[in-house]
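# Secondary and tertiary structure notes
One letter stands for each residue in the lines below.
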Number of protein chains: 2
Amino acid sequence: MKQSQLFMPTMKEVPTGADVVSHQLLLRAGYIRQIAAGVYSYLPLAKRVLHKVETIVREELDKVGAVELTMPAIHPAELWQETGRWDLYGPEMMRLQDRHGRDFALGPTHEEVITSLLRSEINSYKKLPLTLYQIQTKYRDERRPRFGLLRGREFIMKDAYSFHASQEDVDAMYDKMYQAYSNIFTRCGIDFRPVIADSGEMGGKDTHEFMALADVGEDTIAYSDSSDYAANIEMAAVNTNYVKSNEELRELEKVNTGSAKTIEEVSELLAISKDRLIKSLLYIVDEEPMLILVRGDHELNEIKLKHELNASTVELASSEKTHELLQVEVGNVGPINIPSTIKVYADHAVAAVVNGVCGANESEMHFKNVNIERDVATVEYGDIRMIQEGDVSPDGKGIIKFARGIEVGQVFKLGTHYSEKMGASFLDENGKSKPMIMGCYGIGISRTVSAIIEQHNDENGIVWPKDVAPYAVHVIAVNVKNDEQRELSEAVYERLKGVSIEVLYDDRKERAGVKFADSDLIGMPIRVTVGKQANEGIVEVKLRHSGETFEVHESELVEKIQQLLK
Amino acid sequence: MKQSQLFMPTMKEVPTGADVVSHQLLLRAGYIRQIAAGVYSYLPLAKRVLHKVETIVREELDKVGAVELTMPAIHPAELWQETGRWDLYGPEMMRLQDRHGRDFALGPTHEEVITSLLRSEINSYKKLPLTLYQIQTKYRDERRPRFGLLRGREFIMKDAYSFHASQEDVDAMYDKMYQAYSNIFTRCGIDFRPVIADSGEMGGKDTHEFMALADVGEDTIAYSDSSDYAANIEMAAVNTNYVKSNEELRELEKVNTGSAKTIEEVSELLAISKDRLIKSLLYIVDEEPMLILVRGDHELNEIKLKHELNASTVELASSEKTHELLQVEVGNVGPINIPSTIKVYADHAVAAVVNGVCGANESEMHFKNVNIERDVATVEYGDIRMIQEGDVSPDGKGIIKFARGIEVGQVFKLGTHYSEKMGASFLDENGKSKPMIMGCYGIGISRTVSAIIEQHNDENGIVWPKDVAPYAVHVIAVNVKNDEQRELSEAVYERLKGVSIEVLYDDRKERAGVKFADSDLIGMPIRVTVGKQANEGIVEVKLRHSGETFEVHESELVEKIQQLLK
């Protein structure tokens, strides 16, 4: 492609409002333009990258037997009402009415549409399993669209759905998809981790998020420094092999702690380390009060708490509510001598505290030498704390570290949540009607483009991995007014095209400095510069990622480039 | 692809509500399913056809230097307000509000978006011309969505826009696009005609529609049986070389025609052929009355009238209005002795009528022996009648015939309509600011799929042209439980795949009759049947379009098929 024909409006300045490097570079290098908050045009260079990513996705999904279709973006409200999500989705779902006043959603996802499609057509185990996918535009009216393609309101997604007659079958497809996703992100040049994730409101159980590691990521990942364990910190299990010290148990003692309320204050006042304090938090769990205990140096994980208690809602009680139930201030609450109507639920770590400290349910008072199993009548235990950097990995291998990640994909076992609500059933081998078992599998295609750039850039611009670069080679004529340079550039351009190498040729009448700066900014893997040595047939080949250069005679250029692209 | 993995729900019965053959076959053969009126899912076979058509479109557009991008489907209202189309578009444009109450359109077309994109980035003639295209989902809330993909509310379109510094340049691109479109539809196997079309409200001038000939088409085309002249009948010029008979002019004579009012009645009563009657129609042209004359056997073309008079509105006067202005009934209106405030405008054919008949502006009276040029003071002439079958072609070559067509594409010189309204200007070589000159070029991608089927089907199903078929070859194992048949089928399937032939393999445990019926219905160009002769290594090759069959030994199969696909 001749650059003069390409629409590629580059900018020198960092545009205002673009806070992350991928957003800045997509704008500066002329890949995207915004037309409304979170709504972008993909200009020709971006379109080529999207096409590359989509091709990789298609190839890997085809390998696991998934089949492509395309579903509409406008969905009749009735389908979403069947699953209750018409109301549940809230303002994030864009809605409209047609000329007859009928309600439609702009699809944020397609579980309802695909389930309705299959329930009408598939009635026997003989026609299962089926795995279908689409690469399609999705709509979510984000409260805070930001970071360019990382969080848009109109974006491109690959979503796949699988339908099965048995759990073994969905398990097998899940594993295949997990592998396909690993292949996809590897081929895209992304440094990623598949992490154990929260199934949220989707009603399923097993789920992994594929996280591209990047400081701008909105999610925190806990991973082992010596194994492949990784989880979203919200979901990370904790290694509960706590070692209890063999110190002698001392007698329970009530002490006046005055105005000391926080863990820090009490620890300092009593000169007792925080890991011997017991934090007591009054929660309202599905409308019932419950006292939750975690160690003073730990933090409660509400998501894990919710899962452990199998609760719909868990909410910290207000100070008013605490006073009403226990007649004491929040900082002096404790598990000893509380009314038997209030259950006590503790993190495993609390059981291992010897001669600890907790609130005494009395103004200005704490207990010392607390030993929960001795001093509290009934306590239940679970894994309810946040994992911390430095913890032993849950799999026992290595130490936990934290990293930030961008969620680029997710695989999910949906179970029968949608098929039951929507009556998508099949007759099994014995003629018995059963709901189809479903899996779903998403990749944020446009987001992936941003994630690649977050990981592949330098101070001069984007540095594309070769499998997703818009063009493999960027040919630059230093001075197109010089006949030798122009003719050699064009010859080189035609010759590379002739052997099916994707090449962009900067044929513009611009200064060399502008051309080089634009070239670094847009980031093709290989640059071929045709300059003063054109009269000797010599060009310069430069690798964008390493800066390495080679002087190559034009007669050997094709071979050299083919070799570099391998 | 193994058919057991493909989602391809075929139906035996013709579905109710599907009135045209392409709609019936797309449903019956499992290519599409409706989720709301005019809103469809493209199932895997359709997705492959769309992909084929899109690839042809991309290849031909790339050849003429067009570059692909993707613009969003949701457009801020402000852009449409700039051109006034936010109000003009009416209920056909789907609209929505985001969570902040801001108005958006679901794009029915993209002139506004692309013009706003380029006006911000292009400021010099040096960066022109630019031709950009996208293949993207469009939305039009049709009053009567129907005929499947022929008139949908969510559909796939290729839309291209070109921007130029000179008229010569847009003319050149228009011609290139015209050629590209001809190549595209030829490669899609479509019997089409590019026809002169109406520029409607778009503000441009030159425009051609590409019409796929089909009886279900909503447009009528007038074409020459001996040249390449073709036009939408609304726009067809008429050959005005009327031959005036050399009969002697007789004296004007008023006759009582009683209650005879229509052309038929007066012709019969006076025993004078209709081509000697002069039809007089009182019109209101931009609020002024005007008497319009056409020959009795001709029909007025209001669109041509509007163009000839350069009028905004032309409307037939009501009988009340006619009575008010001429104190006579509609059937007795005529051009002789009407008030001089009412201009007379006649079709060229009227000038050639010798001794004709027209109304006398008097109850129950007509004139005989009318010779317009002699009897009416001031008459202007223009080409304002509908073309008719049997007319001489406007280019003088051959005779006009009519055909019905489906509009699958349109090329259009927009001029500066949008660039002026939206301030998309550039500095020319002399530093003078000028509006960009634009062209636009559309292809209905999903509609094209329907048009192909309208032209390529038989009583058993679809008969795909090979360049757009989902698969080139359909391999059928007559009985998969027979080891020899199954093994040979699989070997043949793998071998064809191995040489990059796209092949669908019916591996289902269905009866042979079901398989053959499905195979004809879905319509792949070549069928390979592996049946009883499998033990001798012999298979049957059958061409879908001709029904021709060949017995081929498996060892020669690949070569035979490669030869047939050429």
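Bear in mind that the values here come from a model prediction, so they are computed numbers and not experimental data.

## Let's talk about the relation of the copies chain B and chain A
The transformation that overlays chain B on chain A combines an axial shift of 0.1 Å with a rotation of 180 degrees, and the residual RMSD is 0.2 Å. The operation mapping one copy onto its partner corresponds to a two-fold rotation axis. Of every C-alpha in chain B, the one belonging to B:Leu96 sits nearest the axis of rotation, 2.6 Å from it. The fraction of interface residues of chain B whose copies in chain A are also interface residues reaches 100%, indicating that both copies meet through the same surface.

## A few points about the packing of aromatic side chains
Residue and element names in this part refer to chain A. By the definition in use, this model includes 18 aromatic pairs over all chains. Ring geometry for Phe185 versus Phe192: centroids 5.9 Å apart, planes at 55 degrees, classification tilted. Residue classification places Phe185 among the buried residues on the basis of a relative accessible area of 0%. The exposure class of Phe192 is buried, given its relative accessible area of 17%.

## Let's talk about helix H8 (residues 302-309) of chain B
All names here are of chain B. Of the positions making up H8, those classed as buried are Lys304, Leu305 and Leu309. All buried residues of H8 fall inside an arc of 125 degrees around its axis, so they share one side. Here H8 starts with a cap whose side-chain oxygen sits 3.0 Å from the backbone nitrogen of Ile303, and that cap is Asn301.

## Description of the interface of chain B and chain A
Contact residues are listed per partner, giving 51 residues for chain B and 51 residues for chain A. Summing both partners gives a buried area of about 4,500 Å² for chain B against chain A, and 65% of it is carried by carbon and sulfur. Among the residues chain B hides against chain A, the three largest losses belong to B:Phe7, B:Ile35 and B:Arg99. Together they make up 16% of the total. Our count for the contact surface shared by chain B and chain A stands at 6 salt bridges. Residue B:Arg33 is joined to A:Glu121 by a salt bridge in which the shortest nitrogen-to-oxygen separation is 2.5 Å. The tally of links between chain B and chain A comes to 14 residue pairs in polar contact (both at pLDDT 80 or more). Within the side of chain B that touches chain A, the residues separate by chemical class into 31 nonpolar, 7 polar and 13 charged.

## Regarding the nonpolar core
Counting residues in hydrophobic clusters, the biggest one holds 207 residues, and the most contacted among them are A:Tyr31, A:Met177, A:Trp464, B:Tyr31, B:Met177 and B:Trp464. Once you skip the residues sitting within four places of it in the chain, B:Tyr31 turns out to touch B:Leu26, B:Ser41, B:Tyr42, B:Leu43, B:Leu45, B:Ala46, B:Val49, B:Ile462, B:Trp464, B:Pro470, B:Ile522 and B:Met524.

## Let's talk about the domain arrangement of chain A
Residue and element names in this part refer to chain A. Splitting chain A by domain gives domain 1 (17-198 + 413-453), domain 2 (253-382) and domain 3 (471-565). Computed from C-alpha coordinates alone, the two centres of domain 1 and domain 3 are separated by 40 Å. Taken together, the two surfaces of domain 1 and domain 3 that pack against each other cover about 600 Å², and 58% of this comes from carbon and sulfur. A salt bridge links Glu502 to Lys52, with the nearest nitrogen and oxygen atoms 2.6 Å apart. Within the residue set of the side of domain 1 that touches domain 3, elements represented by two or more residues are helix H1 (21-28) and helix H2 (44-63). Element by element, the count of residues in the side of domain 1 that touches domain 3 is highest for H2, at 3 residues. Residues that form the side of domain 1 that touches domain 3 fall into these classes: 4 nonpolar, no polar and 3 charged.

## Details of the pattern of salt bridges
Residue and element names in this part refer to chain B. Within this structure, the stated rule accounts for 80 salt bridges over all chains. A salt bridge links Arg250 to Glu247; the nearest nitrogen and oxygen atoms lie 3.3 Å apart. For Glu247, a relative accessible area of 32% translates into the label partly exposed. The salt bridge partner of Glu264 is Lys274, with a shortest N-O separation of 3.5 Å. Of this pair, Glu264 sits in helix H7 (residues 263-270) while Lys274 is found in the loop between H7 and strand S14 (278-285), placing the two residues 10 residues apart along the sequence. The class of Glu264 is partly exposed, set by a relative accessible area of 45%.

Cut-off values and rules
Residues numbered from 1 in each chain as written. Chains lettered and ligands numbered in written order. Predicted model: local features only at pLDDT ≥ 70, side-chain atom pairs only at ≥ 80, totals over all residues. Heavy atoms only, no water. Least-squares fit on C-alpha atoms with pLDDT ≥ 70 in both. Contact = heavy atoms within 4.5 Å. Phe/Tyr/Trp six-rings, centres within 6.5 Å; stacked < 30°, edge-to-face > 60°. Buried < 20%, exposed > 50% of the residue type's maximum accessible area, 1.4 Å probe, protein only. Helix = DSSP H or I, 4+ residues; strand = E, 2+ residues; numbered from the N terminus. Arc of directions from axis to C-beta. Polar contact = N/O pair within 3.5 Å; in protein donor to acceptor, adjacent residues only side chain to side chain. Buried area = accessible area lost by both parts, 1.4 Å probe. Salt bridge = Lys/Arg side-chain N within 4 Å of Asp/Glu carboxyl O. Nonpolar A, V, L, I, M, F, W, Y, C, P; charged D, E, K, R; others polar. Core = buried A, V, L, I, M, F, W, Y, C linked by side-chain atoms within 4.5 Å. Domains from an automatic or database assignment.

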